[in-house]
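Residue-level structural notes
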Amino acid sequence: MKKNKNKIDVMKDEWQNQFSYFVLPFLKLVLLSVLLFVFNRVIDVWVLSESRNIFHKIFSSDINVLSNTLSGLGEVVTAVLGIEITAIAIVVQLAANKYSSNIMELFIENKVNVMIIALFVVTGTNTVLVINTMTEQFVPLFSISVTIFLIAISVLIVIPHFSYVFNFLRPENFLNYVKENTIKIIDDIEKGHVKYNSSLKNKINYNVNFIGDIALNSVHQGDRAVALLSISKLKEILTEYCKRKKNLPNEWFKLEGNEYLDPDFSNYSEFVMSRIESKQTVLERKVFRLYEMIYNNTKLTLRDVASGVLLNSELIAKEYAKNGDLKSLNTIFQYFNSYLRFAITAKDPRSAFNAFEHYRMIGEMLLDCYPNEVEKISYYFKYYGQEANKYSVFFILETAAHDLCRLNELAFEKQVPNILNLLELFLNLDEPIDDAVDKAALHKENSLIGVRLAQAKLAGFYLLKGNQSLARIIFNDMQVEPYYRIEKIKEIIFNTTDEEFWEITPRGVNFNYVSPELRNSLIEFFNWFKKEDL
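Residues numbered from 1 in each chain as written. Predicted model: local features only at pLDDT ≥ 70, side-chain atom pairs only at ≥ 80, totals over all residues. Heavy atoms only, no water.

Quick look at the side chain of E409 now. Positionally, E409 belongs in helix α18 (residues 396-414). When its relative accessible area of 13% is taken as the criterion, E409 is described as buried. If we ignore the near neighbours within four places in the chain, the residues touching E409 are L458 and F461. (Helix = DSSP H or I, 4+ residues; strand = E, 2+ residues; numbered from the N terminus. Buried < 20%, exposed > 50% of the residue type's maximum accessible area, 1.4 Å probe, protein only. Contact = heavy atoms within 4.5 Å.)

In structure tokens, the structure reads:
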């Protein structure tokens, strides 16, 4: 019984598809053609038949001439329609092959394209009807006039339509079209203009997948501009969505079964899916899953695209923080942590270097509103910095140290209540090691020096701001270091005079540089070690 019911449902869906895509458009064109013909014929019969009018002066009185002329013009319209469809089909197919097969559907759904093709079809149909209803006793001059006008419009509109199609197929235009369509659906649901149903969510998922496919295909083709544009459009969808999210109905956030079949969720366990539902982060996870794939495919080959993923992830996080959605914000933290994990696994410190910067900038913004969340970020910096050292991926720990130094400086300036917790996390960043004896240990030694250098800079900053007690906390933590290491840190700092790094890097700054006013404070700090006779 259940099998027969499923078969009936399949047949019902198939009939609905046929009706929507074939029967309904056909009936609309037939109705439009008939209404146009009837309207023109009513004008001819009831308005113009009893008196001579301007149309008698324009057209020949010979029905054969009129019939032959209209027949030839009708063939022109049909030929132009054939050329138009052929040329457009080739252009659209080329775009679909390059970007996404869904572009074909997008083109067909576009109202302007549908109206222009319908104009050709209705004009051809009307021409046939007019020609075959003319007699010597009754010449429908108004119908002929309208037919010639439609034929002229059909011919004149060819070049503008080609121009419209080429413009429509520019990535920035059709991506913007999809983005605006997606935001409109969300907006309509939020304001109650349409009643929520699962098909609306499916449409949004379809649009997001469409943009994601274009981004991934562009990455594989090395088209950086389109990839970055697609990433930006996904960001714009999420930032607009987060402003409306709290007003969406509860049904929107429930998993209805389709999500389990979605490639972006198919590898998740039931536990993960239940967490996604409880946190109400389905759309966020979908977009960031696409970001994750793009990042993985570009972090070593198209670094500017990978940087675009990081930048847009940062901007999305800031928007969610402004709207107070901490559950989604913590989901974004998870993806930043994944970016760092990917960099460590690939032994790619440069990617981690970039990821830390954007992650830190989220933390800087959160100091104003959610300083407790910055503790989480500081912990993650510590964790992944130490993980990198564990797997001998060097310089990542040093990068984490200098970014945490910056966060602690800002925390002091903003006088956040958890400043001591942030400082403690920073001071626990280093991994004490024995004297270096091999190459790996030498690298770890250099990383440890980099961490201690950042901590010394923070101590100098506290002294510069007149807070000796916080500087003393750092001093007490650094007392365990052998004096030669303190001297080496001091030597590195005071021998670095160039603020700009001598290679081209995304940040451009030299981590070891300190400003002249900070140098005086550091002299005082390093003198403490001498006083303790270390």
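At K347, a position not held by glycine, the phi torsion is positive, near 50°. Summarising the element assignment, K347 is placed in the loop between α15 (326-345) and α16 (349-366). On the basis of relative accessible area, K347 is assigned to the exposed category, the value being 51%.

The tally for this structure, following the rule as stated, stands at 32 aromatic pairs. When the ring of Y196 is compared with that of W252, the centres are 6.1 Å apart and the planes differ by 70°; the resulting orientation is edge-to-face. Residue Y196 is found in the loop between α8 (171-191) and α9 (198-221), and its partner W252 is found in the loop between α10 (224-244) and α11 (258-261); the two are separated by 56 residues along the sequence. Residue Y196 is classed as buried on the basis of its relative accessible area of 15%. In this structure, R285 packs its charged tip against the face of Y268, placed 5.0 Å from the ring centre. For the cation-ring pair, R472 lies above W528, with the distance from its terminal atom to the ring centre recorded as 3.9 Å. (Phe/Tyr/Trp six-rings, centres within 6.5 Å; stacked < 30°, edge-to-face > 60°. Lys NZ or Arg CZ within 6 Å of the ring centre and 35° of its normal.)

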